[in-house]
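Structural characterization, general
Listed below, chain by chain, are the residues.
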Amino acid sequence: MSEIFLNLKKHPIVIAIDGTSASGKSTNAKLVAKALGYVYVDTGAMYRTLAWHCLQKRVDVHDAKVVAALCRKWKTSLECVEKNHLRAVHLLVENYFPEQEIRTSEVSAATSVIAAVPKVRDWMKKKQRECIQFGNLVMEGRDIGTNVFPETDFKFYLDAKLEERTARRAADGVHENLAARDLRDSQRASAPLMIALGAKVINNSAMTSEQTSQLLLEEIRRLMPVEK
Ligand code: DC
């Protein structure tokens, strides 16, 4: 897919939702995708899948050259699956989607290490842009508005207080050092986590997911070009 900028009149719409770990990106991106009938893309799951694959193959995730070589040879495909009224893109590894396996704290820690490798990011960006073959997208991650689809007008950045985010992860049974992961994600040289120019920032520390997703939908409707 060529790196042409999107013309919203001719191309699918991409809603970019970036933000810190456990800031509610997945929950809200899914609610917005369902409400609009758009396809949901969890780019974190794509990075997690590569990290999981490295751990399976006993590759040292700190060795950028080996990780990049593994990524280059990787046999993957994208598929769009409908489940509970939500269409979502899955990155398959040899026809398998490791849905549960990628959610452990060991995989989380390895993911932010491999996500700092520039060749991995180039590979992921290409795959993520290919997702527009499935239609209009709600894509969540760390660099969607800054790097993957910088041309979209629909950019959001979610955040919440560290204690609140840590409590949310703990409620899911996952205990991890979110501050360390956010720091690694924000300080890497290649496409670091940051607020995209023009993004609407939403701090949802004191908000429910219904309130957050309603706010997102209001803003999206306000920005949506009127059909002539
Ligand atoms: O959203 P998540 O917690 O599943 O993401 C896991 C890791 O993947 C996160 O620590 C940083 C990395 N990531 C990234 O660098 N760029 C993205 N677009 C998405 C995730």
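Note: the structure precedes this text.
Conventions and cut-offs
- Residues numbered from 1 in each chain as written.
- Predicted model: local features only at pLDDT ≥ 70, side-chain atom pairs only at ≥ 80, totals over all residues.
- Heavy atoms only, no water.
- Helix = DSSP H or I, 4+ residues; strand = E, 2+ residues; numbered from the N terminus.
- Rg over C-alpha atoms; globule rule 2.2 N^0.38 Å.
- Buried < 20%, exposed > 50% of the residue type's maximum accessible area, 1.4 Å probe, protein only.
- Contact = heavy atoms within 4.5 Å.
- Arc of directions from axis to C-beta.
- Salt bridge = Lys/Arg side-chain N within 4 Å of Asp/Glu carboxyl O.
- Pairing = 2+ DSSP bridges.
- Axes fitted to C-alpha atoms, helices over the stretch in contact; angles between N-to-C directions.
- Near = heavy atom within 4 Å.
- Polar contact = N/O pair within 3.5 Å; in protein donor to acceptor, adjacent residues only side chain to side chain.
- Areas by Shrake-Rupley, 256 points an atom, 1.4 Å probe, with all protein chains shown as cover.
- Nonpolar A, V, L, I, M, F, W, Y, C, P; charged D, E, K, R; others polar.
- Lys, Arg positive; Asp, Glu negative; His and termini not counted.

1. Quick word on the overall build of the chain
In terms of helices and strands, the chain carries nine helices and seven strands. A compact globule built from 228 residues would reach a C-alpha radius of gyration of about 17 Å, and the chain, at 17 Å, matches this within 12%. Dimensions along the principal axes, computed over C-alpha positions, put the chain at roughly 55 × 40 × 35 Å. Residue burial in the chain is summarised as follows: out of 228 residues, 51% are buried. Counting contacts in the chain only where the partners sit at least 6 residues apart, residues at least 24 apart contribute 75% of the total.

2. Notes on helix α3 (residues 64-73)
Turning to α3, its buried residues number three or more, namely Val-67, Ala-68, Leu-70 and Cys-71. The arc that holds every buried residue of α3, seen down its axis, measures 160 degrees, which confines them to one face. Within α3, the exposed residues directed more than 90 degrees away from the buried face are Lys-65, Arg-72 and Lys-73.

3. A closer look at the pattern of salt bridges
Inspection of the entire model under this criterion finds 13 salt bridges. A salt bridge links Lys-126 to Glu-130, with the nearest nitrogen and oxygen atoms 3.6 Å apart. Of this pair, Lys-126 and Glu-130 are both found in helix α5 (residues 118-130), four residues apart, which corresponds to roughly one turn of the helix. You can call Glu-130 buried: its relative accessible area is 17%.

4. As for the sheet that holds strand β1 (residues 14-19)
Taken in spatial order, the seven strands make up an open sheet running β3-β4-β2-β5-β1-β6-β7, and their pairing is mixed. The sheet terminates laterally at β3 (76-83) and β7 (200-203), the two strands that pair on one side only. Averaged over all pairs of adjacent strands, the angle between their axes in this sheet comes to 25 degrees, without regard to strand direction. Pairing analysis gives eight bridges linking β3 to strand β4 (residues 86-93), with the strands arranged antiparallel. Directly across from Ser-77, in β4, lies its bridge partner Leu-92.

5. Description of the site of the ligand
Surveying the vicinity of the ligand reveals 16 residues, the closest of which are Arg-48, Arg-142, Arg-181, Asp-185 and Arg-188. Within the side chain of Arg-48, one N or O atom sits 2.7 Å away from an oxygen atom of the ligand. Here an oxygen atom of the ligand and a side-chain polar atom of Arg-181 are 2.7 Å apart. Here the ligand, which alone exposes 450 Å², has 98% of that area covered by the protein. Among the secondary structure elements, those contributing two or more residues to the shell around the ligand are α2 (43-56), α4 (105-114) and α8 (178-187). Classifying every residue of the shell around the ligand gives three nonpolar, five polar and eight charged.

6. Quick notes on the side chain of Asp-18
Here Asp-18 is to be found in strand β1. Buried Asp-18, no salt bridge; nearest opposite-charge side chain is Arg-142, N-O distance 6.9 Å. From its side chain, Asp-18 meets the backbone nitrogen of Arg-142 in a polar contact 3.1 Å long. Ignoring any residue separated from it by four or fewer positions in sequence, one finds Asp-18 in contact with Lys-25, Gly-141, Arg-142, Asp-143, Ile-144, Gly-145, Thr-146, Phe-156, Tyr-157 and Leu-158.

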